[in-house]
Structure formats: structure tokens, C-alpha cells
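Each chain, letter by letter, is given below.
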Amino acid sequence: MARKLPSVDVVLVGFGWTASMLAQELTDSGLKVLALERGTWRDTPTDFAVTFVQDELRYYYRKALFQEPAQETLTFRNSASERALPMRELGSFLPASGVGGAGVHWNGQYWRFLPSDFMAQSHNVERYGAGAIPDGMTVQDWGVTYDELEPYYDKFERLCGISGKAGNIKGSIQNGGNPFEGARARDYPNPPMQMTYGPTLFAEAARQIGHKPFACASANMSQPYTNPLGVTLGQCSYCGFCEKYGCGNYSKASPQTTILPVLMRKPNFELRTGSEVIRINHDKNSKRATSVTYVTEQGEEFEQPAEIVVMSAFILHNAHLLLTSGIGTPYDPQTGQGVIGKNYAYQIVSSVDVFFDDKIINPFIGAGALGMAIDEFNGDNFDHTGLGFIGGGYIALWNTNGRPIETHPVPEGTPKWGGKFKKAVAENYLKSATIATHGSVMSHRGNHLDLDPTYRDIHGRPLMRMTFDYTDNEHKMSDYLTDRATEIAKAMKPREFHAKKREGHYSIVPYQTTHNTGGAIMGSDPKSSALNRYLQSWDLHNLFVMGASAFPQNPGYNPTGTIGALTYWAADAIKNQYLKNPGPLVQA
Amino acid sequence: MRVALRGVMVLAIQLTAFGGPVAAPASAGEQSFELVQRGKALVDAGDCMACHTQDQNKPFAGGRRIETPFGTLYSPNITPDRETGIGAWSDEDFYRAMHQGIGPDGARLYPAFPYPYFTKMKHDDVLAIHAYLSTLQPISNPRSNNQLQWPLNHRVFMRGWDMLFFKPGTFAPRTDKSAEWNRGAYLVEGPGHCGACHTPKNFLGADKASEALDGGKLQNWYAPNITNDQHLGVGSWTADEITEYLKTGRNVHSGAAALMSEVVRDSTSKMSDSDLHAMAIYLKDINGKSGTPLPKADQPANDSGRTIYADSCSACHRSNGSGVSHMFPPLAKNANVQSSDPTTVIRVILQGARTAVTDSRPTASSMPSYDWKLSDNDVAAVATYVRNAWGNTAANVTANEVKSLRQHLEATTP
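Residues numbered from 1 in each chain as written. Chains lettered and ligands numbered in written order. Predicted model: local features only at pLDDT ≥ 70, side-chain atom pairs only at ≥ 80, totals over all residues.

1. A word on the overall build of chain A
A tally of helices and strands in chain A yields 12 helices and 22 strands. Since a compact globule built from 588 residues should have a radius of gyration of about 25 Å, the 23 Å found for chain A is in line with a globular shape. Over its C-alpha atoms, taken along the principal directions, chain A stretches across nearly 70 × 55 × 50 Å. Every one of the 588 residues in chain A was classed for burial, and the buried ones make up 58%. The long-range share in chain A, meaning contacts at least 24 apart out of those at least 6 apart in sequence, stands at 74%. (Helix = DSSP H or I, 4+ residues; strand = E, 2+ residues; numbered from the N terminus. Rg over C-alpha atoms; globule rule 2.2 N^0.38 Å. Buried ≥ 20, exposed ≤ 12 C-beta atoms within 10 Å, placed from the backbone. Contact = placed C-beta atoms within 7 Å.)

Have a look at this one:
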């Protein structure tokens, strides 16, 4: 029997980026805010200190910062014809556990989505006709526009101290920035990072064949920065331990380095760690969430009532909790009816390795978001007529790291172990680089999340079941991107290069990216979306769902920038509209 | 819940008004807002909180362990609890303790309680402090027994100490100096008791008056020189920079860590800008020991120190020792780094440090500990390197010094 606790104004389920941002905003409005986090407290000097954080074995291979499948996992299958099996080890994606969430172990690659990305359905139909959307593709418009989100992107960039160069300020194209980006009010708060040799070679080659390369925007600091909350970040040392690691130098934007020093001092904020929310309790008659039930590490169960409930966990947990709490109608891929679990999407990535004889790349001088990219083939930046797909992605040469266990580039045909392998690694480690493509995944009728009929978690709830595979659209698009990347590789004049196309079915085993999206999507119609344009549940007006679970499909960029913008957008709606008049912010 | 609490408060007020004997009957019923506020400001300036609070939920209830070279003391409860605090003290009892270092029962106090400084405070300021302390929530917290070495464990011994080293006397303003200078001097020499840490002590723990604020060692830290000395003190800081440091815990030169971070958190960050600036003006007027030849390391070319620095330190403190303004302190031209006594340098490398957190500087930038990672030789090499790189000059640090502090810290740090 759960012990019922005194009510709070706002309860946040999960304490990563979106929860920290909302807590900061809503405590400023005078609300009493409580965050429940299943993992532990984590901070820079105690958990990511420079004296020990550069430890590949501990952090990547033994997964010190990630979710443990014993606590929570899911089952997976490529299609409805298969039986889903539990994921017993993390692979393709790496959700976090603990304070700061995956905001602790991200690379810091920062992007805004294109204006047309927010209108993927209507824009493509308008430009290419109804036939552009093939049967079974379930792309939708977001219900919010780029122009509406622009001030909130800007606010998130200021919070994080993003280092970059604008490509389009109020419609005026800027030299050295991404000329394809949506118009922005002003430049980034910090200049781009210092570029190393590998990305420079890529940019020169891309420019030679007519592209417009630019320095990628980065949440790794190019210089010391104090954000509008008064929190200071140090300058990145290019140590090459960003993704899968916490930053020991206070130089990567994370909740810990941008918000928590201020938030944790507030008397109207409380954090309870070791507290896993297992259910959102709700009242169908009043259309309100009433409380959340959580379990501590000691196994004690508590019921925490709140006036506003915010789901701010990773997308997979948001979707799972909605499904197990019986909120909204579960999506049925047979009929296309229902919304919870709908339009799960991911990212499709490929690469081209280049090997030089005469160029020393020094991959170990790296940073998570240190790179040069081109955006000619992203979204609808190019004419898709006759190509047989929609969407796209950026092509970049990142110099993220040269970590010794992870990085052993060898040419095609090298044995996987033994003397020849070692010799090839020694010869090529300093002289190779990888061009990456980072492609969109359009939503598809069969790709979805629901509850597994067989497997259950430690609390007796059904595990979530993921059904996902790449469709022809993704493969065609990714092959097209890989061909464009190969052209740049050739222009770099390497000794040899090797393109690695993404072939066959999606596999959940090798690490690809933690850009999972969908499952509780936003939109303008409760029949086709779970949330309205303010991330407010159509079903329970005091329930808001943050994060990439709201993406109706996944554009060809990293998601964090847009997650940040959507969070500030929702925070604004809660503060300035909902608090004055609690109820649905959009009439269905 | 609120109603019940209000009931308790009403009861408390009634008890005060009609209950047993009241400590200061003369002031009962008089307007005291201004008095109490002035007392609070002085309690902040005097950092009473730091020594008299062990448990943050029991402010001023004492019990904090204070290490001295002569043994361990536990601070007393200064809440108005009548049994275990100072609730039964009269104004004059309180003044005698502050001004003469003598308790109401006639017992001599130990100068870990800095009455040699508080004696300089004006009578009405001391009563204001008492008035403020009387408004606190009384907390029952019996005092722990001190563990002092013979003969200091006998309070009567302190009569001799007082005769030798202590002269009661209120601060006398200097007419040849500005009002701001005098205000600063009063705060530094009186309630602020800066010299309690920053002035070196003789073998019986009394201030070496001729070396006031030249830097002192306590609790295995070295509190640096805060005179206007260009090399060892705050000579390169402007008065505004000193003010900023005291207010926010940071400036371009340094960040307050360890004991000083508590001073900033509990005391100076709560003081008014004008008082802080006055203190800065006074400190800037204390001449350093000019003409003292600068010490130098025996082996300035220190390859292993440079290598360790590049590997372990340069990411934050930068390869040129410039640090990151208001985040990671610069080591170049840093007086703390070049202190004649290297205790703090060695200790920070061994144990790490965390800078003060204030409203205007909320980021607690921290240095991790290296004691598990660097040998005595390594610590000595890198300490010697930073004390002599980028124009710094200071005596070299030996592996034996590191070894001895390491052993001592392991034995005494909880």
C-alpha cells in the first residue's frame, strides 16, 4: 500500500535536461517543484572528475553512466511477424540513469531543425504532390512552426553557451555558417571551436566540389562562458571524452554545468533520487492526472499528489509509463487508430572511412561536437524529384575522439585480430578519419511502441515492445547520402577510402545513436497525436510530456536543440497560459 | 499545521513576557528593531556561525570541533537556551566575555574564541550582538568536553596567558585616516578578526603582533598574507577586486576555498558592499615587507613537474597558468601558490578544493584530489614547478614535506 504524501504544485518524472529546465522556470514562477529521479545524484567533481573520468573500460564498456537493463529494458522485433525478445544488454542506443540523464553523456552536437522539418507532411505534399508520401508512411506536421520556436532555440543556446557560427541572421546569409538553416535572431553566444586537421581537410574537399561547409555548433565550450543564470563553464580542453562520459572540466553543457548550481539552492525545489515512478494516477472524469506512484530503492511505495504532472524521462520511459498507466488510446498499427506508441522513429547513419599516407590527423585531439559539416542534402534543402524518397541528413567529419579501445581504424580486408591487425592499427591510427552521414527517419505505420504480451519488469508491468525497421525510404535516402559523402572522400585524395552503407534490417546490437523519437507525438488533432502543440496531453490537461517522444518523425539532425526549444516553449505556455486558467490550452 | 504552529508561537511569546527571570529586564518592551539588525550585521561580520554551528539545522548551537596545536576544542552553544546556551547571561556578562575573555562564572575563556579581537568592539555594538542572539530559537545542546593538553586544560592557566599576550581595549580611530579607513580597520581588527587566521602565532598561540596579517598556519592550512605585499599579499589586487572576492568568493585572481569559502558563505557575502570596501581600503594600506629578498627554488628547471602539470593540471589552469577568470584560479602571480609556507599548495593538490558558492557565483568549481594518483615526489615536483613557473618564485617543496602532510592529513581528516 502506497503511503500518500502532501501535495506539491509540480512533480517531474525523471531529472535530466528537460526537467532541470522546467524546474528552473517554474520555481521562478513561485511554484513548489519536486523532481523524482530513479538514479543517483551525480556532479562534476564527485562523479566525473578529470582524475578518473577518461576511463573507457569503466564508462563505455562497463556502462557506468547508462540505464541498467536489470532495472528497465524493452523487447524488440523488426516487424509484427516476429516474436519480440528482451534487450538484455544495451547496444544501438544508450539511455541514462541518474541526475542529468543523457545530458551528462552526450557529445554536445547542437542543431536546430529546418523550418520545413516541422511541416514534413504538408510541405512535401505541396512541393512534390500527394505521391511524395508513399503508402504506409505516417509523417505528420508538428503543430508548431520553426518561427514560433526560434526565441526558445535562442534561449537554450544562451543557457548552454553553444559555440558556433550563424548561417542565417534574419534572412541574411552569413559567411562561414550553415546557409540552409532557418533564420535566427542573432548569432550563437560563443564562436566556433578551434578546428583540427581532419575536419579542415573535409571542408576543403567539400568546398572544392561546390558545397558550403561550416563549423558545427557545439555544446563544448570554445571559450569560458557564464550563462544568463550566472553559471560558469570552462573552456574545452579537446580531451576527446564527451559521448559516453561526463565532462570533468565543466566544459560541456549539461544540467550539472548550466542549471543545477542555481536550481539546487532554491527553497521551493526538491529532488528525490532513488525514486522510480511506476504509474501516473488519473481521474478520467475530471480529465486530470492526480498523482504519481513511485518506488524507492528500499522497495517502499509512495503516492505523490501534484497539481501538474510533467513526464520528463527519456522517450522510451515516457511512452512506457503512458501505456502502463492507461493514459490515452494505445496505437494499433492494424487500424492506424490510437496515438500512444505511434510513430516511433530513429536515425539512419552511415560512414565513409578515409586513410592517408602523408597526413597526420591526430584523432585524440577531439571533442564531441568538433567537426565540419555540409547541409546540402538535409531535409528539403535539395530537390527530391525523381529520387524516390523524402528527408535527408547532414554529412560531417567529426573529430570526436581517438580513444584507444574504441578507435582502431584499419583498411578493408585487415584481419580482425593478431599481428597483422596490430600492425595495421599502428600504421593507420594517426592517419585516418571517418565521414559520417546522419539521416532522418520518417515515421511508418508499422514502426511503433506497445506493451509486450510476454515479458514483465521487476514491478510486474509488461515490458515495452519496440517494433522497428528501416523502410525503402530510409535506405534510398541513406544510400544517396553515402554516395555524396563518398564524393567528398574522393576529393580529399586519400590513399584509400571505404564506404559503409547501412544495409539490411535495423539491428539493435551495434551502437548507432541515442536519437530515439516518437511514441507520444505532438500535433493539432487528438485523433492523430497524443499531445497538443504545447506538449500538453489531449486527455489529461494537467499532464505535460517533454522530450523527443513528441517528435512526429525524426529529422536529419541531432535532437537536443529542438528538445530544449520545445521545453522552453512548453514552460512558457504553462507559466503564462496554463497557470492563469488551468485547462486544455488547445480546444480539440 | 500552520494554526498549530501559530499557537506555539503565541505561547512562546507569553512565556517570555510573563515567565521566569528575563536576562535583560532593562530593555524589555523597548523598540529593538534597529538594535537587532545592527547585531545581525555584526554577527555576520564576525562569522559567529562558522565556529558556533556544527549541524546546519541547529544554527549557533555549537558543538563544532576546532583543532588547535594544543588540542581539540568544541565550540559552545550561543543560542538563548538557558541551560546549555547563553540565555541566562546578562548584557554585561556578554560584554565581559567579549571584551575581557572572562565568562560569567569568572572562568577564563580560551582565545580560540577571538576575544583578543572582539575586545576592540564598541560597547553598544557588543550589546547589539547580544540583542540579536537573544532573538534566536533556543536550542538545547550540551557542550562536548574539550581535549586540551596539560597545562592548558586548566582554565586558570589562561590568566597567565592573558597577562602575557592580551590587553583589553576598545578600537581607537586614527584621526589622520579617512572614515572609510577607520571603518575598515575596525572591522578587520575587531569583529572580522581576520588576524585569527592570517596572522602568524607564537609557540603559545598568540598573535605575533609585528607580523600582523602576514599569513598564518592553522588546521593544516596556510592562511595567506593579506597585506598589500606585491609578491605574497594582495598588492596586485585593487580595492574593488578585494571587495568582489569577499562578496562573491571569486575575482580574477583567486577563488575562496576550504575555510575561507565558509567565511565568504557565512560572513563576508552577507556584509554590505560599503563595509567590504572599507576593509579593502584598510588592507591595501598595510605595507608588505618590502625589500625582503624573494626565495627561489633550488632547481627551477623542473622537467617532471612541468610534465605532470601539462598532464594533470593544464586542462583547467591552462598551460600558461592563467586559469579561467572567476572559475579556475590563475596560478601565475598567485600569492597563495607562492606563499612562504607551502602547506596550502600541497594540501590542495592532495585533497582537492571546492570554491565558495554565492548567489552571484553559483558554480562550485572544484579541484579533485590527487592523493591517490601522485606520489610524494610527484606532488613535490609539480608544486615546485607551479611555484616557479610563469614568473612565480618560491622555495622548492620537498617530498618529505609532502609525505609528512599526507600522513598527518590521513590521520586527522575524517
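2. Notes on the overall build of chain B
For chain B, the helix and strand inventory stands at 16 helices and seven strands. Evaluated residue by residue, chain B yields a buried proportion of 44% over its 414 residues. Of the contacts formed within chain B by residues at least 6 apart in sequence, a portion of 66% connects residues at least 24 apart.

3. Some remarks on the pairing of strand E20 (residues 462–467) of chain A
All names here are of chain A. Across the six residues that make up E20, a large majority, five, are buried. For strand E4 (residues 74–77) and E20, the ladder comprises four bridges, and the chain directions are parallel. Within E20, the residue paired with Arg 77 across the bridge is Thr 467. (Pairing = 2+ DSSP bridges.)

4. Considering the domain arrangement of chain B
Residue and element names in this part refer to chain B. Split into domains, chain B comes out as domain 1 (31–165), domain 2 (179–284) and domain 3 (303–412). A straight line from the C-alpha centre of domain 1 to that of domain 2 covers 22 Å. With 20 residues of domain 1 in contact, the opposing surface of domain 2 contributes 20 residues. (Domains from an automatic or database assignment.)

5. A few points about the sheet that holds strand E16 (residues 371–374) of chain A
Residues and elements named next belong to chain A. Spatially, the six strands line up as an open sheet ordered E8-E16-E17-E18-E15-E21, and their pairing is antiparallel. Every other strand in the sheet has two partners, leaving strand E8 (214–215) and strand E21 (496–500) as the edge strands with one partner each. Where E8 and E16 come together, two bridges link them in antiparallel fashion. Each residue of the ladder has a partner; that of Phe 214, found in E16, is Ala 373. Lying on the sheet, helix H6 (residues 197–208) is in contact with E16, strand E17 (393–398) and strand E18 (432–439); it crosses E16 at an angle near 20 degrees. (Axes fitted to C-alpha atoms, helices over the stretch in contact; angles between N-to-C directions.)

6. Focus: unusual backbone geometry
Residue and element names in this part refer to chain B. One non-glycine residue, Asn 220, lies in positive phi territory at about 60 degrees. When you line up the elements, Asn 220 lands in the loop between strand E4 (216–218) and strand E5 (221–223). Assessed through the 17 C-beta atoms surrounding it within 10 Å, Asn 220 is described here as partly exposed. If you check the backbone angles, Trp 390 has positive phi at about 55 degrees while not being a glycine. Mapped onto the fold, Trp 390 is located in the loop between helix H15 (376–388) and helix H16 (399–412).

7. Regarding the interface of chain A and chain B
Listed by partner, the interface residues are 18 residues for chain A and 17 residues for chain B. For the side of chain A that touches chain B, the secondary-structure elements that each account for two or more residues are helix H2 (44–47) and helix H8 (260–263) of chain A. Tallied by class, the residues present in the side of chain A that touches chain B amount to nine nonpolar, eight polar and one charged. (Nonpolar A, V, L, I, M, F, W, Y, C, P; charged D, E, K, R; others polar.)

8. Observations concerning the pairing of strand E1 (residues 65–68) of chain B
All names here are of chain B. Where E1 meets strand E2 (residues 71–74), four bridges bridge the pair, whose relative direction is antiparallel. Bridged to Thr 68 within E2 is Gly 71. As consecutive antiparallel partners, E1 and E2 are separated by two residues.

9. Thoughts on the environment of Asp 572 of chain A
Along the chain, Asp 572 of chain A turns up in helix H12 (residues 560–578). Spatially, the C-alpha atoms of Asp 572 of chain A and Tyr 534 of chain A are 9.1 Å apart, while their sequence positions differ by 38 residues.

10. Here we look at the packing of helix H4 (residues 91–100) of chain B against helix H6 (residues 123–133) of chain B
All names here are of chain B. Axis separation between H4 and H6 bottoms out at 9 Å; the angle between their running directions is 115 degrees. Seen along the crossing, H4 lies across H6 with a hand that is right-handed. Note on element contacts: H6 touches H4 through His 123, Val 126, Leu 127 and His 130, opposite Asp 91, Phe 94, Tyr 95, Met 98 and His 99. (Left-handed = near helix turned anticlockwise from the far one by under 90°.)

11. A closer look at the confidence of the model for chain B
Any residue range with low pLDDT should be treated as having predicted coordinates unsuitable for detailed reading. For chain B, per-residue confidence averages 88 on the pLDDT scale, and 89% of positions sit at 70 or higher. Here residues 1–28 of chain B scores under 50 on pLDDT; set against residues more than four positions off or in separate chains, the count is nine contacts. (pLDDT = per-residue confidence, 0-100.)

12. Some words on the sheet that holds strand E19 (residues 448–456) of chain A
All names here are of chain A. The strand order E5-E4-E20-E19 describes an open sheet built from four strands, whose pairing is mixed. The two strands at the open ends of the sheet, each matched to only one other strand, are strand E5 (85–86) and E19. Relative to E5, E4 runs antiparallel, the two sharing two bridges. Across the sheet, residue Thr 75 finds its bridge partner in E5, namely Pro 86. Against the sheet, helix H9 (residues 315–324) contacts E4, E19 and E20, and its axis sits at roughly 125 degrees relative to E20.

13. Notes on the packing of helix H2 (residues 33–46) of chain B against H6 of chain B
Residues and elements named next belong to chain B. Where H2 contacts H6, the two axes come as close as 7 Å, and the packing angle between them is 95 degrees. Looking at the two axes, H2 sits roughly perpendicular to H6. Here H2 contributes Leu 35, Val 36, Arg 38, Gly 39, Lys 40, Leu 42 and Val 43 to the contact with H6, which in turn contributes Asp 125, Ala 128, Ile 129, Ala 131 and Tyr 132. (Parallel < 35°, antiparallel > 145°, perpendicular 65-115°, else oblique.)

14. A few points about H2 of chain B
Residue and element names in this part refer to chain B. For H2, with 14 residues, the first-to-last C-alpha span of 20 Å sits near the 20 Å given by 1.5 Å per residue. Taken together, the buried positions of H2 are occupied by Gly 39, Leu 42, Val 43, Asp 44, Ala 45 and Gly 46. As for H2, its buried residues are in contact with helix H3 (48–52), H6, helix H8 (179–189) and helix H12 (273–284). Within two residues after H2, Asp 47 carries a phi angle of roughly 50 degrees, on the positive side. (Expected span 1.5 Å × (residues − 1).)

15. Regarding H4 of chain B
All names here are of chain B. Listed in full, the buried residues belonging to H4 are Phe 94, Arg 96, Ala 97 and Met 98. Against helix H5 (115–118) and H6 lie the buried residues of H4. In the stretch just after H4, Gly 101 is the one whose phi turns positive, near 70 degrees.

16. What to know about the environment of Gln 338 of chain B
All names here are of chain B. Within the element layout of this structure, Gln 338 appears in the loop between helix H13 (303–317) and helix H14 (343–351). In this structure, the C-alpha to C-alpha distance between Gln 338 and Ala 394, residues 56 residues apart in sequence, is 5.3 Å. Aside from chain neighbours lying at most four places away, what touches Gln 338 is His 231, Leu 232, Arg 387, Asn 392, Thr 393 and Ala 394.

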